[in-house]
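A closer look at the structure
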Amino acid sequence: MKPPDFDYVAPTSVDDAIKALGSDAEAKVLAGGQSLIPLLAFRLAGPSLLVDLARVDGLDHITDEGDRLVIGAMTRQRRAERDPVVAERCPLLVESLRHVGHPQIRSRGTIGGSVAHADPAAELPAVVLALGGRVHVTGHSGDRTIEAEDLFQGFLSTSIEDGEILTAVEVPASGPRTGWSVVEIARRPGDYALCGALCQLQLDDAGAVVDAHLALIGVGDRPMRAHAVEAAVLGGASPVEAATLAPDGLSPGSDVHASSDYRLHLATVTSRRALTQALESAA
Amino acid sequence: MSLFGASIRRKEDPRLLQGNGRYLSDIKLHGMVHAVFVRSPHAHALIRGIDSSAAAADPRVVCVLTPDDLPVGLPPLPCIDAEETTKPFNQPILATDKVRFVGEPVALVVVEGDRYIAEDIAGLVDVDYEPLPAVSTAEAAVAPDAPLVHFDSNVVDVLEYSVGDASSALAAAPHTLSERFITQRYAGTPLETRGVIVEWDEPRRGLTMWSSTQVPHSLKATLVGYLGLPENAVRVIAPDVGGAFGVKLQPYPEEIVLGLAAEQVGRPIKWVEDRYEHFLASTHGREQYHDVEVGYDDDGRILAIHDHAVTNTGAYLQRLTLVEPFIGVSMLSGPYVIEHQQLVSTVVMTNTTPLNPFRGVGHVQAAFTMERIVDLVAAAVGVDPGEVRKRNMFSKDVFPLHRGIGNVLAGEIIYDSGDYQECLRRAMAAAEWDDFRREQESARAEGRYKGIGIGFFVEETGLGPYESGRVRVEPSGQVIVFTGACSSGQGHDTVLAQITADELGVEFDDIVVVHGDTDLVASGVGTYASRSAPIGGTAVRHAAGSIKEQAIRIAAEMLEASPQDIELIGGEVRVKGSPGSSVSLAQVAGRVAPGQPLPAGVDEYTLDATDVYHPPTNTFSYGCHVATVEVDIDSGVVTLLRHVVVNDSGTLINPLLVDGQVQGGVALGIGGALLEEIVYGDDGQPLNANFMDYLVPAIGNMPEMVVEHMIVPTPLNADGMKGAGEGGAVGAPAAIANAVADAVLPFGAKITETPLGPETVYRALQDVS
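Predicted model only: the values in this text are computed from it and were never measured.

1. Describing the overall build of chain A
When helices and strands are tallied, chain A shows 12 helices and 14 strands. What you see for chain A is a C-alpha radius of gyration of 19 Å, in line with the 19 Å of a compact globule of 283 residues. When its C-alpha atoms are laid out on the principal axes, chain A stretches across 55 × 45 × 35 Å. Considering chain A as a whole, with its 283 residues, one finds that 49% of them fall into the buried category.

2. Examining the sheet that holds strand β6 (residues 126-131) of chain B
All names here are of chain B. Pairing is antiparallel across the open sheet formed by three strands, whose spatial order is β4-β2-β6. Strands with a single pairing partner mark the edges of an open sheet, and in this sheet they are β4 (98-99) and β6. Pairing of strand β2 (residues 45-51) with β6, which is carried by six bridges, proceeds in the antiparallel orientation. Opposite G49, over in β6, you have D128 as the bridge partner.

3. Concerning helix α11 (residues 385-392) of chain B
Residue and element names in this part refer to chain B. Within α11 the residues assigned to the buried category are P385, G386, V388, R389 and N392. With its buried residues spanning 165° around the axis, α11 presents them on a single face. Packing partners of the buried residues in α11 comprise β14 (302-312), α10 (363-381), α12 (420-430), α13 (433-445) and β18 (449-461).

4. Description of the confidence of the model for chain B
For chain B, the mean per-residue pLDDT works out to 96, and 100% of the residues sit at or above 70. The ipTM assigned to the predicted complex is 0.96, against a pTM of 0.97.

5. Details of the domain arrangement of chain B
How big an interface is tends to be stated in terms of accessible area lost as the parts join. Residue and element names in this part refer to chain B. With domains assigned, chain B is organised as domain 1 (17-132 + 190-244 + 248-281), domain 2 (288-462 + 616-768) and domain 3 (464-613). Here the C-alpha centroids of domain 1 and domain 3 sit 39 Å apart. Counting from both sides, the interface comprises 17 residues of domain 1 and, opposite them, 15 residues of domain 3. Those elements that provide at least two residues to the side of domain 1 that touches domain 3 are α6 (216-227) and β11 (234-237). Its residues placed into classes, the side of domain 1 that touches domain 3 shows nine nonpolar, five polar and three charged.

6. Some points on the interface of chain A and chain B
Opposite the 15 residues of chain A that make contact, chain B presents 23 residues. Residue contributions to the side of chain A that touches chain B peak at three residues, all from helix α12 (residues 260-282) of chain A. Tallied by class, the residues present in the side of chain A that touches chain B amount to nine nonpolar, two polar and four charged.

7. Focus: the domain arrangement of chain A
What the domain assignment lists for chain A is domain 1 (7-52), domain 2 (62-172) and domain 3 (178-282). The C-alpha centroid of domain 3 of chain A is placed 34 Å from the C-alpha centroid of domain 1 of chain A.

8. Focus on the sheet that holds strand β21 (residues 511-515) of chain B
All names here are of chain B. Read from one edge to the other, the open sheet built from four strands follows the order β21-β20-β19-β25, with strand pairing classed as mixed. Edge positions in the open sheet fall to β21 and β25 (607-613), since each of these has one partner strand only. If you compare each strand with its neighbour and ignore which way they point, the axes differ by 15° on average. Of the pairings in the sheet, the one linking strand β19 (residues 467-473) to β25 comprises seven bridges and is antiparallel in character. Bridged to V473 within β25 is L607. Of the strands in this sheet, β19, β20 (479-483) and β21 are in contact with helix α14 (residues 492-504), which crosses β21 at around 130°. In the packing of helix α15 (residues 532-558) onto the sheet, contacts are made with β19, β20 and β25, and the angle to β25 comes to roughly 145°.

9. Some words on the environment of F482 of chain B
Residue and element names in this part refer to chain B. Looking at the secondary structure, you find F482 in strand β20. Of the residues examined, F482 has 25 C-beta atoms within 10 Å and is grouped as buried. For the pair formed by F482 and S345, sequence separation is 137 residues and the distance between their alpha carbons is 40 Å. Excluding its chain neighbours within four sequence positions, the residues that come into contact with F482 are R470, V514, L520 and V521.

10. Considerations on α12 of chain B
Residues and elements named next belong to chain B. Along α12, the residues that are buried comprise Y420, C423, L424, A427 and M428. Across the axial projection of α12, the buried residues extend over an arc of 125°, all falling on one side. Close packing links the buried residues of α12 with α11, α13, β18, β26 (619-631) and β27 (638-648).

11. Things to note about the pairing of β26 of chain B
Residues and elements named next belong to chain B. Taking burial as the measure, the 13 residues of β26 include 12 buried ones, the bulk of the element. Judged from the 13 bridges that link them, β18 and β26 form a sheet pairing that is antiparallel. Counterpart to F456 in the pairing with β26 is C624. The pairing of β26 with β27 spans 10 bridges and is classified as antiparallel. In the sheet register, T628 faces β27, and the bridge partner there is R642. Linkage of β26 to β27, two consecutive antiparallel strands, is achieved through a turn of six residues, within which G636 is found at a positive phi near 85°.

12. Things to note about the pairing of β19 of chain B
Residues and elements named next belong to chain B. With respect to burial, β19 is a largely interior element, six of its seven residues being buried. Note that β19 and β20 share five bridges and pair antiparallel. When the bridges of β20 are listed, G469 appears paired with T483. Once β19 ends, the chain turns through five residues before running back antiparallel as β20, passing G477 with a positive phi of about 100°.

13. Examining unusual backbone geometry
All names here are of chain B. The residue after F399, namely P400, is reached through a cis peptide bond having omega -5°. Not every positive phi belongs to a glycine, and R205 is a case in point at roughly 50°. A residue is classified by how many C-beta atoms lie within 10 Å of it, and R205, with 12 of them, is exposed. The phi dihedral of E432 falls on the positive side, at around 50°, and the residue is not glycine. Inspection of the secondary structure assignment puts E432 in the loop between α12 and α13.

14. Some points on the packing of helix α17 (residues 655-675) of chain B against helix α18 (residues 727-743) of chain B
All names here are of chain B. Taken N-terminus to C-terminus, the directions of α17 and α18 make an angle of 40°; their axes are 7 Å apart at the nearest point. Classified by the angle between their axes, α17 and α18 sit oblique to one another. In the packing of α17 onto α18, the handedness of the crossing is right-handed. Contacts from Q661, V662, Q663, G664, G665, V666, L668, G669, I670, G672, A673 and L674 of α17 reach α18 at G727, G728, A729, G731, A732, P733, I736 and A737. In terms of residue class, the contact of α17 with α18 is made up of 11 nonpolar, nine polar and no charged.

15. Considering the packing of α10 of chain B against α18 of chain B
Residues and elements named next belong to chain B. Orientation of α10 relative to α18, taken along the N-to-C sense of each, is 30°, at an axis distance of 8 Å. It follows that α10 is roughly parallel to α18 by the angle criterion. In the packing of α10 onto α18, the handedness of the crossing is right-handed. The segment α10 lies against α18, with H363, V364, A367, F368, E371, R372 and D375 engaging A729, V730, G731, P733, A734, A737, N738 and A741.

16. Structural notes on the nonpolar core
Within the largest apolar cluster, 308 residues are counted, with the highest numbers of intra-cluster contacts made by V109, I736 and V740 of chain B. Those residues in contact with V740 of chain B, other than ones at most four positions away along the chain, are G451, V629, V631, V638, I751, L756 and V761 of chain B.

17. What to know about the environment of H102 of chain A
Within the secondary structure, H102 of chain A is located in the loop between α5 (91-97) and α6 (103-108). When the C-alpha positions of H102 of chain A and G33 of chain A are compared, they lie 14 Å apart, and in sequence the two are 69 residues distant.

18. Overview of the environment of L93 of chain A
Residues and elements named next belong to chain A. Structurally, L93 is set in helix α5. You can call L93 buried: it has 30 C-beta atoms within 10 Å. On a C-alpha basis, the gap between L93 and S181 in space is 9.9 Å, while along the polypeptide they are 88 residues apart. The residues contacting L93, other than those within four sequence positions of it, are A80, V86, V127 and V171.

Conventions and cut-offs
- Residues numbered from 1 in each chain as written.
- Chains lettered and ligands numbered in written order.
- Predicted model: local features only at pLDDT ≥ 70, side-chain atom pairs only at ≥ 80, totals over all residues.
- Helix = DSSP H or I, 4+ residues; strand = E, 2+ residues; numbered from the N terminus.
- Rg over C-alpha atoms; globule rule 2.2 N^0.38 Å.
- Buried ≥ 20, exposed ≤ 12 C-beta atoms within 10 Å, placed from the backbone.
- Pairing = 2+ DSSP bridges.
- Arc of directions from axis to C-beta.
- Contact = placed C-beta atoms within 7 Å.
- pLDDT = per-residue confidence, 0-100.
- Domains from an automatic or database assignment.
- Nonpolar A, V, L, I, M, F, W, Y, C, P; charged D, E, K, R; others polar.
- Axes fitted to C-alpha atoms, helices over the stretch in contact; angles between N-to-C directions.
- Parallel < 35°, antiparallel > 145°, perpendicular 65-115°, else oblique.
- Left-handed = near helix turned anticlockwise from the far one by under 90°.
- Core = buried A, V, L, I, M, F, W, Y, C linked by C-beta atoms within 7 Å.

Here you go:
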């Protein structure tokens, strides 16, 4: 459980980081290390160069842009969890962060690192997906943004190209009469969920759902947006009715913690509970 | 006030809590080199050849040892509890022609530098494997066409015990029920993994080995045997040990190989097991299922039992392989009068990590099986589980109770003391049983499902054959206690000092306890089977008692009085009824210091006494756990509400430490009840050999815990002590499983296995609906 030999650089600017990444085809970005370091220790990853973003200027910020909230990639999860602006603009993100590992992990782990790692059971990629957010990336050929729905390509896989760095995560700010909920079934508090549902709903003055976001984790090779459930809720279905649609289109894998069938069942259970709680908190 | 029986804080804690412990990893010696083992990635494979030339060519390599480099005819790892019928499926020190589990050591690589480099170079050792079909479960291993782990058959042994006539009694019983109960495989997971440093000592023509072990003396004897060295050429030191739980209770192949490499390398070699290796190569525990048929009457009295237990003991015999299968059936009936018992225990080999005793060995499965049966009987006859237990329990006047079952290692099972019915009554009262029943009812009306369950156990503790204790008083007044029972964190320094202080009346802070060094402690057995207090403590009590006699004899001359007129009180030796006429124990020790004539009738220049205590038979602790839980019917998630334990481990030296033992044991039991399980694929590949997937309980899993003590002293030793280290782990899975079963009783779901992860509980609920 000792990593193989690798080189390490800690650039202080995005440009230098991109140069360093471009200098070595086997380079990897280190952005908190809460997933990468264990992979190195098991020798499941063997990059020849680690480019640590911890000292890069301008990647640690929480910026309120009115209808959008922009968070620098290297913002530590613990900071975002406790930030009053995040609490006001994106309470679903705060609630999700409370489910990420433990405080020690969140003090090291970064917002951008988790999103770029794209673990299908992780909360942060699912928040960005659920809310229809996007990420900002920078590379040799310049800056671009990637919509969340185009970002997650498969297990630990994104459309960020080799040589590109995720610099910021952007989510829409929540509006009035918004409720949210994160419901997870996990073996222990702080573990990756066997299945989880992240939900945000907005009501109109009459109490009807006018905006619905639901993403599921642990039920596929990437975070999954539950479009069918969202549509049903927007169409007036109750949480119990709508949640029965949660397994549609999902084919989760089986592992030592849960079978595929059980995860599908939990998709319904967690969706129902998340919808119910989100409705209650919106009302 | 005597320190004996007082809840004082631990002597060792200021040092350990301030980071001044000296664990194996903390030891760094001049010129030290680093070892790593090349281990089998296959569950079952022939070794066609090993090419270590690429590794050996690396300038950083100090040595590579393959099986061919070991002395010819090296005996395999011994199993000391093998019966005549046990097949000799022992483990070679390095795998020779064949590997039989993932993680089996195949070669040793020693390098200059550090563990990182050692791992890089180990990857260069090219082992040519020819994979073979593997088996990972006991059921697969006994199938007609199963691959053979060794030769002949995968059944190593079948142990059989019988009391009364179970077949006839079952046939005659008004009711019977049959069920299979499954206990899973656990890993030991002490905070500190195993680790070894060995240093060749040229002037001594021998070696010193530091090892994170429970049994330094047994390791020394093993090295003496394997290396062919005289006894005085081998010194074993167990430094501070950060937990052990049984997985450090035998000398391992790694220690023997490192011992064999020591002279050739000529420099200190360090090997620290990493967590991945720990999951693969340190012994596992438990994996055992029980097929039970039980006969009972209308009142819920259990008349007869037939149990066939099957243990998946892994790929090789280990030092104490038969304990798990023996205890699993022999202690099955626990506190209950079951006149007719037929017990069969089959031991099966598979291509998995070997089993050896682990905290609560065999008792966990026995208690889980028996306590689930009692609840099934209670439900079948419609009587409260507490009442059914009471009807079946032994009364308090049956002791000593011969159970008519025994084995080579443990001797006959003779329960020594106790009051089971009172323990049950107290535990149910502390759990507020009747109040909880009302709470359960109102919760059910709201669609919430709570449950309450009992886990009663009787546990064989305080195993022999012996333990040593030595007490020496220095002229300074310092008292040094030497014990063969070495600590892996339990608090030996504290409790042995309490016993000594009680016997001699000296200050607690003047007592130093020495253990874990074979040069300093002449003989010893070690720490396991909840034996250090009853056996090690009794030896120290006896040795301190001899010091007292000696001191009185010496003081008689000093005080010009007759020995029968002298007493030792509060560290002062004085003439009875004449408090002004006294000498301190330090002065007495000074009177026999060298350089002066000895007092008449005294023939040694030291105030020093040793006792080696051989207990007549073992002590039997017991306890009653009552767990309450809530089950989320939709998901199967179990939430623990409260956990009550009433425990009898006899006289308590330090209730605070016994509380800690029980609480820690319950935490392990919670792990076993809900979370922990080593999982293998059908191909023998481990699927969760890391702390992300092997789930030990965390603080978030702990319920409110209540621990109370019953004290029924054993007549078997001077202080009435029974073992206290394991019962917490033994009763908890049974109690929690019964509580879960009680919660889901309205649905008729069957709870017959652990761990009760959410999917297991969910499936049990689905199977009935």
